[in-house]
Amino acid sequence: MLNIGCHLSIAKGYTQMGYDARSIQANTFQYFSRNPRGSQTRALDLADIALLQHILDQDHFAPLLAHAPYTMNPCSADSGLRELAAKMMAEDLERLEYLPGQYYNFHPGSHVGQGVDVAIAMIADQLNEVLKPESTAWVLLETMSGKGSEVGSRFEELRAIIDRVKNNDKLGVCLDTCHVYSAGYDIVNQLDAVLSEFDRVIGLDRLKAIHLNDSLTPFNSHKDRHACIGDGSLGFDAIVRFINHPKLRHLPFYLETPNENPGYADEIKRLRAAFVE
Ligand code: FE
Ligand code: FE
Ligand code: ZN
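Parameters at a glance
- Residues numbered from 1 in each chain as written.
- Chains lettered and ligands numbered in written order.
- Predicted model: local features only at pLDDT ≥ 70, side-chain atom pairs only at ≥ 80, totals over all residues.
- Heavy atoms only, no water.
- Donors = N, O, S within 2.8 Å, 3.2 Å for Na, K, Ca; no water.
- Buried < 20%, exposed > 50% of the residue type's maximum accessible area, 1.4 Å probe, protein only.
- Phe/Tyr/Trp six-rings, centres within 6.5 Å; stacked < 30°, edge-to-face > 60°.
- Helix = DSSP H or I, 4+ residues; strand = E, 2+ residues; numbered from the N terminus.
- Tetrahedral: all angles 85-135°; square planar, octahedral: opposite > 155°, others 65-115°.
- Core = buried A, V, L, I, M, F, W, Y, C linked by side-chain atoms within 4.5 Å.
- Contact = heavy atoms within 4.5 Å.
- Salt bridge = Lys/Arg side-chain N within 4 Å of Asp/Glu carboxyl O.
- Pairing = 2+ DSSP bridges.
- Axes fitted to C-alpha atoms, helices over the stretch in contact; angles between N-to-C directions.
- Right-handed = clockwise from strand over helix to strand, strands pointing away.
- Expected span 1.5 Å × (residues − 1).
- 1 Å grid on protein atoms, 1.4 Å probe; cavity = no way out; pocket = protein on both sides within 12 Å on 5 of 7 lines; lining within 4 Å.
- Points joined across faces, edges and corners; volume = space filled by probe spheres on them.
- Nonpolar A, V, L, I, M, F, W, Y, C, P; charged D, E, K, R; others polar.

Colleague: Can you lay out the coordination of the zinc ion (ligand 3) for me, pointing to particular residues and giving the numbers?
Modeller: The protein atoms that coordinate the zinc ion (ligand 3) are H179 (NE2), D224 (OD), D224 (OD) and H226 (NE2), at distances of 1.9 to 2.8 Å. In this model, the zinc ion (ligand 3) sits 5.3 Å from the iron ion (ligand 1). Exposure remark for H226: the relative accessible area of 21% places this residue in the partly exposed category.

Dropping the structure here:
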């Protein structure tokens, strides 16, 4: 079975996301751990979380993916902003333990002129500070497009971060199809070669989740503009080959396409129909 969902709004609480996912035939979803452009978090409502857990158990959902806010930059040049990033991640991971065994995705950060090596050390420092061995969550570094001074558009950069983290047994990667294609990994024409490269550099055992997006911009453009499935430079056929690939088909896929829930429902339906059971 294809494990697929999309980005859902947490505005009406955790349980509502479970209902929304059910209504669009999703068996997983992604949501923001807190305000994506700020840092505020929701009041903790344990009854709401427990009800969602019940839905997840009943319907055998694949792991959910909590996405850290875009404003979180572990390699900011400002030490106050780095401290804020570490505090947000620590709090998010603490809260994630109310829904055990799930995934937490973050953008490694932007080095803002300090250089990739300095940034990699800062990102690893943050992870060494906040990752707890007893945590049940997997923390995932997202593959980035390389726009601006983004870190993480090369597999080698992600490997370098992982290597510097002491407690890295639950540190993995979320591959974003739009981002890697924009970063110069040709998953349309050379998918096997890209996956071999991922395996050689990082190890496919660390690949835990896929952000499934088409791209508005061409191959190797170093832009980050998501398109609906089939409407971009990847195209529907390449995306169908991707979800059916023997090394990928077991993973959870999260759509981050420019859609409201009815549009997501349509994409999920088309992708489920194209998945070879
Ligand atoms: Fe992201
Ligand atoms: Fe993404
Ligand atoms: Zn993106």
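Moving on, there is more to tell.
Colleague: I'd like a description of the packing of aromatic side chains, backed by residues and values.
Modeller: For the structure on display, the rule yields eight aromatic pairs. Pairing Y14 with Y31 gives two aromatic rings, centres 5.8 Å apart and planes at 70°, and the pair type is edge-to-face. A residue pair is termed long-range when its members are at least 10 positions apart, and Y14 in helix α1 (residues 14–23) and Y31 in strand β2 (residues 28–32) qualify at 17 residues. One exposure class covers both Y14 and Y31, and it is buried.

Colleague: Residue-level account of the coordination of the iron ion (ligand 2), with values.
Modeller: Looking at the iron ion (ligand 2), the protein donor atoms are E142 (OE), D176 (OD), H211 (ND1) and E256 (OE), and they sit 2.1 to 2.2 Å from it. Coordination at the iron ion (ligand 2) is irregular, judged from the four donor atoms that bind it and the angles of 85 to 172° they form at the metal. Considered as a linear motif, the donors of the iron ion (ligand 2) on their single chain read E-x33-D-x34-H-x44-E.

Colleague: How would you sum up the nonpolar core? Please name residues and give values.
Modeller: In terms of nonpolar packing, the biggest core is built from 81 residues, with F29, Y31, L127 and L212 touching the most fellow members. Looking at this core, the element that brings in the most residues is helix α4 (residues 116–130), giving seven residues. Filtering out sequence-adjacent residues up to four positions away, F29 remains in contact with C6, L8, M17, G18, A21, L52, L56, F61, L64, L65 and Y254. Counting seven residues, the second largest nonpolar core, distinct from the first, contains Y103, L140, C174 and A209.

Colleague: Just give me the short version of the pattern of salt bridges, but keep the residues and values in it.
Modeller: Taken as a whole and judged by the stated rule, the model has nine salt bridges. Note that R34 and E91 form a salt bridge whose closest N and O atoms lie 3.0 Å from each other. Of this pair, R34 sits in the loop between β2 and α2 (46–58) while E91 sits in helix α3 (residues 79–96), placing them 57 residues apart in sequence. A network of salt bridges, in which partner residues are shared, links R34, K87, E91 and D92.

Colleague: Can you tell me about the sheet that holds strand β5 (residues 138–142), naming the residues and giving the values?
Modeller: Spatial strand order, β1-β2-β3-β4-β5-β6-β7-β10: eight strands in a closed barrel with parallel pairing. When strand polarity is set aside, the average angle formed by the axes of neighbouring strands in this sheet is 30°. As paired strands, β5 and strand β6 (residues 171–176) are joined by four bridges and run parallel to one another. Looking at β6, one finds that E142 is bridged to C174. The strands touched by helix α8 (residues 236–244) are β6, β7 (207–212) and β10 (252–255); relative to β7, the strand with the most contacts, the crossing angle is about 160°.

Colleague: A description of the pairing of β5 should follow, citing residues and the corresponding values.
Modeller: Counting buried residues in β5 gives five out of five residues, a clear majority hidden from the surface. Side chains W138, L140 and E142 of β5 all project onto a buried face; the interleaved residues V139 and L141 project onto the opposite face, where all are buried too. Between strand β4 (residues 103–106) and its parallel partner β5, the chain crosses via α4, and the hand of that crossover is right-handed. In this fold, β5 hands off to helix α5 (residues 155–164), which returns the chain to β6; that crossover is right-handed.

Colleague: Quick rundown of helix α9 (residues 261–274)? Include the residues and the values.
Modeller: The end-to-end C-alpha separation of α9 is 20 Å, in line with the 20 Å expected for 14 residues at 1.5 Å each. Residues of α9 that are buried sit in contact with β1 (3–7), β7, α8 and β10.

Colleague: With reference to specific residues and values, describe the layout of surface pockets.
Modeller: By volume, the largest pocket is sized at about 280 Å³. Around the largest pocket, the lining comprises 16 residues; the ones closest to its centre are F32, R37, Y70, H226 and E256. Along the lines of polarity and charge, the residues of the lining of the largest pocket split into four nonpolar, eight polar and four charged.

Colleague: Can you explain the environment of S33? Please cite residues and give values.
Modeller: Tracing the chain through its elements places S33 in the loop between β2 and α2. Distance from S33 to F242, taken between C-alpha atoms, is 28 Å for residues 209 residues apart in sequence. S33 has contacts with T41, A66, H67, A68, P69, D92 and Y104, leaving out every residue within four places of it along the chain.

Colleague: How would you summarise the pairing of β6 if you had to cite specific residues and measurements?
Modeller: Burial analysis of β6 places six of its six residues in the buried class, which makes it a mostly covered element. Here β6 shows no split at all, with L171, V173 and L175 on one side and G172, C174 and D176 on the other all buried.

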